[in-house]
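Examining the three-dimensional arrangement
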Amino acid sequence: MLDRVVTVRFDANVNPELPWTFRPVQQTMRLKVGETKLAFYEAINNSNETVVGTAAFNVTPDKAGLYFDKIDCFCFTEQVLRPGESVDMPVSFYLDPALADDRKMDGVTTITLSYTFFRAQDQSKARQIAELPATADKAGAGGAKQ
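As a starting point, this report considers the structure included with it. (Residues numbered from 1 in each chain as written. Predicted model: local features only at pLDDT ≥ 70, side-chain atom pairs only at ≥ 80, totals over all residues. Heavy atoms only, no water.)

1. Side note on the sheet that holds strand S5 (residues 51–60)
Just so we agree on the cut-off: Any two strands with at least two DSSP bridges between them are considered paired. Helix and strand assignments follow DSSP, with helices taken as H or I runs no shorter than four residues and strands as E runs no shorter than two, numbered in order from the N terminus. In this analysis an axis means a line fitted to C-alpha atoms, helices contributing only their contacting stretch, and an angle means the value between N-to-C directions, from 0 to 180 degrees.
An order of S3-S1-S9-S5-S7 is seen for the 5 strands of this open sheet, with the pairing classed as mixed. Looking along the sheet, the strands with just one partner apiece sit at the ends: strand S3 (28–32) and strand S7 (79–81). Averaged over all adjacent pairs, the angle separating strand axes in this sheet is 30°, with direction ignored. The pairing of strand S1 (residues 5–14) with S3 spans 5 bridges and is classified as antiparallel. Looking at S3, one finds that Val 6 is bridged to Leu 31.

Here it is in structure tokens:
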């Protein structure tokens, strides 16, 4: 039954208080249950200030959330973007093989992974980064590009 293939759909939203564009790089991905995949989302800071953002996620249908396992995700940490900066952010995930044994999951062929980015309440990290020279923080920026 681990030959079962599920389509994962990627969704992105931004709270109006955050001046970013945020979108999935790929719209959908097909994977076998138990197979690890890597997907990317792109964020762009459209403002003239350095901003800290934080992402919340959900999985639908709700019953699929038990089986959607993120190994690594940009949502685990706050993201800091300089004015006009864009970054590709990865999420590494798999569907737990136990999904194949759950009769309630029999009719599920598509799972949606949805993120919403919010402006972080604590913007002190943005102020610290804004004071650095533009190239000083790039070594650890995780693929940031301008």
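Structure shown, so let's carry the discussion forward.
2. Remarks on unusual backbone geometry
Thr 60 connects to Pro 61 through a cis peptide bond whose omega is 0°. Within the secondary structure layout, Pro 61 lies in the loop between S5 and strand S6 (68–73).

3. Structural notes on the nonpolar core
Applied cut-off: Here, nonpolar core refers to any group of buried Ala, Val, Leu, Ile, Met, Phe, Trp, Tyr and Cys residues whose side-chain atoms link them within 4.5 Å. Accessible area is worked out with a 1.4 Å probe on protein chains only. A residue is then buried under 20% of its type maximum, exposed over 50%, and partly exposed in between. Pairs of residues are marked as contacts when any of their non-hydrogen atoms sit within 4.5 Å.
Core analysis: the biggest nonpolar cluster contains 35 residues, and Phe 22, Tyr 41, Phe 74, Ile 111, Leu 113 and Tyr 115 have the highest contact counts within it. For this core, the leading source of residues is strand S8 (residues 86–95), giving 5 residues. Leave out the neighbours within four places in its chain, and Ile 111 touches Val 6, Thr 7, Val 8, Arg 9, Val 59, Thr 60, Pro 61, Ala 64, Phe 68, Leu 95 and Leu 99.

4. Here's the deal with the pattern of salt bridges
Selection criterion: Salt bridges, as used here, are contacts in which a Lys or Arg side-chain nitrogen is within 4 Å of a carboxyl oxygen on Asp or Glu.
Taken as a whole and judged by the stated rule, the model has 5 salt bridges. Between Asp 3 and Lys 32 there is a salt bridge, and its shortest N-O distance comes to 3.9 Å. Here the residue Asp 3 occupies a position in the segment before S1, and Lys 32 occupies one in strand S3, the gap between them amounting to 29 residues. Here Asp 3 falls in the exposed class, since its relative accessible area comes to 62%. On the basis of relative accessible area, Lys 32 is assigned to the partly exposed category, the value being 40%. A salt bridge links Arg 119 to Glu 49; the nearest nitrogen and oxygen atoms lie 3.0 Å apart. In this pair, Arg 119 is assigned in strand S9 (residues 110–119) and Glu 49 in the loop between strand S4 (37–45) and S5, connecting sequence segments 70 residues apart.

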